[in-house]
Amino acid sequence: MIDDELSELPKSALRDYADDPRLERVWQRLDSGLSATPARARSGFWLLPALGVALFAGGILVGRQSAPVREAAPSVAAEFPRPDEVTHEPTPLPAVAQQPPVPNVTDRRRPLATRTRGGSSLRAAAEAPVFEVEATPYAAPPSQSPDWQQKADSGDFAGARAALERAGGWDVALAGSSPEQLMTLVDLGRASSEREQAVRALRRLLDAFPGAPEAPLAAWTLANQLEQGGDHAGAAEAYALYRRLSPTGDFAEDAAARQVDAALAQGGAERASELIDQYAKDFPTGRRLVELREELEKLRSEASKDGAAKSAPPASGSDSTTDAPAAPAPSVQPQDASPAP
Amino acid sequence: MVSAVARPQESPKLRLVGGRSASEREFESTQEEVPDAQLVALTAAGHRSAFEALYRRHGSFALGLAVRIQGGSIDVEDVVHDAFVQAHARLADLKDPSAFRAWLGCIVVRLVRTRLRRRRLLTALGLSSQEPVDLDAIASSDASTESRVLLAQVYALLQTLPASDRIAWTLRFIEKHRLETVAELMSCSLATAKRRILRAQRFLTGHFVPAFSKDDP
């Protein structure tokens, strides 16, 4: 994968521009420019005539390059007789001087290739395989995106809401949207503080397009939304889903840690312990490992205190050592925590 | 509001007090330690040397950023020059003077994006040709052959993408900025930045060919 290859790219592989001689040249230009025009007195009005002149000159230049004027034409006209000299005899047209061939602008194109400088670079380029990018067109998104999506993409969420209503409302959009459009709907829901709508769009994306590139991000966002809404069991499932969809993604470690958070929030010490072990296995230097273990110990000690208090009355015959309170057990299966292929 | 792009911390030792000559003397003696916010304030007050200090501090960042997001060094001097001219002219617009570096980055990104779009349009009209990838401008001379091959292929693929997608992906995976910083540098929402990165990532993943296997000696 390209991610893996790039993650192994050392920072030293990129050129450092700290001592580039061009910096000094640019400063000389800046310095002379600033000397000529004080910053505070600068106005943009002088740009208008300059822009006009530049556009005019540019137009002439482009015109000359794309359609060269045949300079012989006026001389042809000059050799025609004046009206009073016109006779009824057919006048043969004079021969137009043959113009030299106009060089084709495409002839000046450089080939699409990686340019190198210096001997070592040439050697490296010679050793390296030549990559020719196939002329596969970039799969651009459809230009006929709905009005609400265009407005949302430009940040106009109020306008997007109105356009969405005109287009049939939330449910209609939800049913017929692509993964990308569903993510826009999520943004729209979140921007309007309509968490339920955002969650519905996220669930729709994960149900209908589990293999879409947007799916990991949708799972992560869903987990956040559910956690904010107090649905810890649902959040734990969504974090587990994120880890399955993107085992090495940007948020993989956070997802593992927050799975533990969700289990702790539900009071499931055993489940939390399992998840911490999995977290430690997948991320041995995990940032929150120590903190989560401390939280687990705290939960266990509190549970044992509660258990002791409950076992004190003689009427209690139940198993007081169980750590899970009345909260429902998460439906996350154990295999959820392990990265899937 | 832009946030500061990661760079070494500065110790704010200079305090601008009194008249201009005194502050200038103090500034010149402790130029390296003056924080950006103070340099911005001094520049806005007309101190040429403060602006030069800002340039000396952030010029290489602007140059490197311009080269890496456009994939070559053609016209980068103009980009850096124009970026600093714009920054100087619009210092009053900078709400958080300590975030000068990120703000400058936004200007550089905007200038490069405009240039790339213009170039793409001219190429589509047949009035210009596609610029080659300048690998020596991107990769250091110490880079391994594997790194150079990787960068060559990635940049060759990036050239076929729309400017916004290409820049967003480069900021995320070459410059290794966080998603939030990418959004700030591109002056767009986080969701838009994510979508641009995803689109580019999808294309690159579909076309990328690993040049070296892990088992290669």
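Residues numbered from 1 in each chain as written. Chains lettered and ligands numbered in written order. Predicted model: local features only at pLDDT ≥ 70, side-chain atom pairs only at ≥ 80, totals over all residues. Heavy atoms only, no water.

> Looking at this structure, how should I read the overall build of chain B?
Summing up its helical and strand segments, chain B has 10 helices and zero strands in all. Ordered by position from the N terminus, the helices and strands of chain B form the series α-α-α-α-α-α-α-α-α-α. When burial is assessed residue by residue, chain B has 57% of its 217 residues classed as buried. If you take every contact in chain B between residues at least 6 apart in sequence, the share linking residues at least 24 apart comes to 62%. (Helix = DSSP H or I, 4+ residues; strand = E, 2+ residues; numbered from the N terminus. Buried < 20%, exposed > 50% of the residue type's maximum accessible area, 1.4 Å probe, protein only. Contact = heavy atoms within 4.5 Å.)

> Looking at this structure, how should I read the confidence of the model for chain B?
Interpretation of this model should avoid reading the predicted coordinates in detail wherever pLDDT is low. Residue and element names in this part refer to chain B. Averaged over all residues, the pLDDT of chain B is 81; the fraction at 70 or higher stands at 82%. Below a pLDDT of 50 lies the segment residues 8-21, which in the model reaches 21 contacts outside its immediate sequence neighbourhood of four places, other chains included. Complex prediction metrics read pTM 0.45 and ipTM 0.75. (pLDDT = per-residue confidence, 0-100.)

> What's the story with helix H10 (residues 195-208) of chain A in this structure? I'm lost.
Because each turn of an α-helix spans 3.6 residues, side chains separated by three or four positions end up pointing in the same direction. All names here are of chain A. Between the first and last C-alpha of H10 there are 20 Å, a value that for 14 residues agrees with the 20 Å anticipated at 1.5 Å per step. Within the sequence span of H10, burial applies to Gln197, Ala198, Val199, Ala201, Leu202, Leu205 and Leu206. In this structure, the buried side of H10 is in contact with helix H7 (157-166), helix H8 (170-176), helix H9 (179-191), helix H11 (215-228) and helix H12 (232-245). (Expected span 1.5 Å × (residues − 1).)

> Please explain the environment of Arg288 of chain A as it appears in this structure.
All names here are of chain A. Within the secondary structure layout, Arg288 lies in the loop between helix H14 (269-282) and helix H15 (289-311). Separated by 35 residues in the primary sequence, Arg288 and Glu253 place their C-alpha atoms 9.2 Å from one another. Every residue in contact with Arg288, bar those within four places of it in the chain, is listed here: Glu253, Ala257, Arg258, Asp261 and Tyr279.

> Please explain the packing of helix H8 (residues 163-174) of chain B against helix H10 (residues 190-207) of chain B as it appears in this structure.
Helices that pack against each other are described as a pair by the angle of their axes relative to one another and the distance between those axes. Residue and element names in this part refer to chain B. Running from N to C, H8 and H10 point in directions that differ by 90°, and their axes come no closer than 8 Å. For the element pair H8 / H10, the angle class is roughly perpendicular. Between H8, through Ser164, Asp165, Ala168, Trp169, Arg172 and Phe173, and H10, the contact on the second element is made entirely by Ala193, Arg196, Ile197, Arg199, Ala200, Gln201 and Leu204. Looking at the contact of H8 with H10, its residues break down into seven nonpolar, two polar and four charged. (Axes fitted to C-alpha atoms, helices over the stretch in contact; angles between N-to-C directions. Parallel < 35°, antiparallel > 145°, perpendicular 65-115°, else oblique. Nonpolar A, V, L, I, M, F, W, Y, C, P; charged D, E, K, R; others polar.)

> Just checking my understanding: could you explain helix H7 (residues 145-158) of chain B for this structure?
Residue and element names in this part refer to chain B. Compared with the 20 Å implied by 1.5 Å per residue over 14 residues, the 20 Å span of H7 between its first and last C-alpha is a close match. Judged by how many residues are buried, H7 sits mostly within the fold: 12 of 14 residues are covered. Of the residues making up H7, those classed as buried are Ser147, Arg148, Val149, Leu150, Leu151, Ala152, Gln153, Val154, Tyr155, Ala156, Leu157 and Leu158.

> Looking at this structure, how should I read the nonpolar core?
If you look at soluble globular proteins, the nonpolar side chains tend to sit buried side by side. Residues Phe84, Phe100, Leu151, Trp169 and Leu171 of chain B are the most contacted members of the largest nonpolar core, which totals 76 residues. Ranked by residue count, the leading element in this core is helix H3 (residues 48-70) of chain B, at 12 residues. What Leu151 of chain B contacts, discounting residues up to four positions off in sequence, is Leu9, Ala13 and Leu14 of chain A together with Leu135, Ile138, Ala139 and Ile174 of chain B. With 32 residues, the next largest nonpolar core counts Val186, Leu202, Ala223 and Ala235 of chain A among its residues. (Core = buried A, V, L, I, M, F, W, Y, C linked by side-chain atoms within 4.5 Å.)

> Is there a simple way to explain the environment of Val79 of chain B in this structure?
All names here are of chain B. Here Val79 is to be found in helix H4 (residues 76-89). Separated by 32 residues in sequence, Val79 and Leu111 have C-alpha atoms that sit 6.5 Å apart. Once residues within four sequence positions are removed from consideration, Val79 is found in contact with Ala66, Val108, Leu111, Val112 and Arg115.

> Honestly, the pattern of salt bridges in this entry has me stumped. Any pointers?
Between side chains of opposite charge, a pair can form when the charged atoms approach closely. This model, assessed by the stated rule, comprises 26 salt bridges over all chains. Taking the shortest distance from any N to any O, the salt bridge between Arg258 of chain A and Glu227 of chain A comes out at 2.9 Å. Here Arg258 of chain A is found in helix H13 (residues 252-265), whereas its partner Glu227 of chain A is found in helix H11, with 31 residues between them in sequence. The partly exposed category is assigned to Arg258 of chain A, whose relative accessible area is 22%. Because the salt bridges share partners, they merge into one network encompassing Glu24 of chain A together with Glu52 and Arg56 of chain B. (Salt bridge = Lys/Arg side-chain N within 4 Å of Asp/Glu carboxyl O.)

> What should I look at first to understand unusual backbone geometry in this one?
Negative phi values dominate among residues other than glycine, just as trans dominates among peptide bonds. Residues and elements named next belong to chain B. The backbone of Asp75 shows a phi angle near 65°, a positive value even though the residue is not glycine. Position of Asp75 among the secondary structure elements: in the loop between H3 and H4. A positive phi angle is found at Lys176, which is not glycine, with a value near 60°. Among the structural elements, Lys176 can be located in the loop between H8 and helix H9 (179-185).

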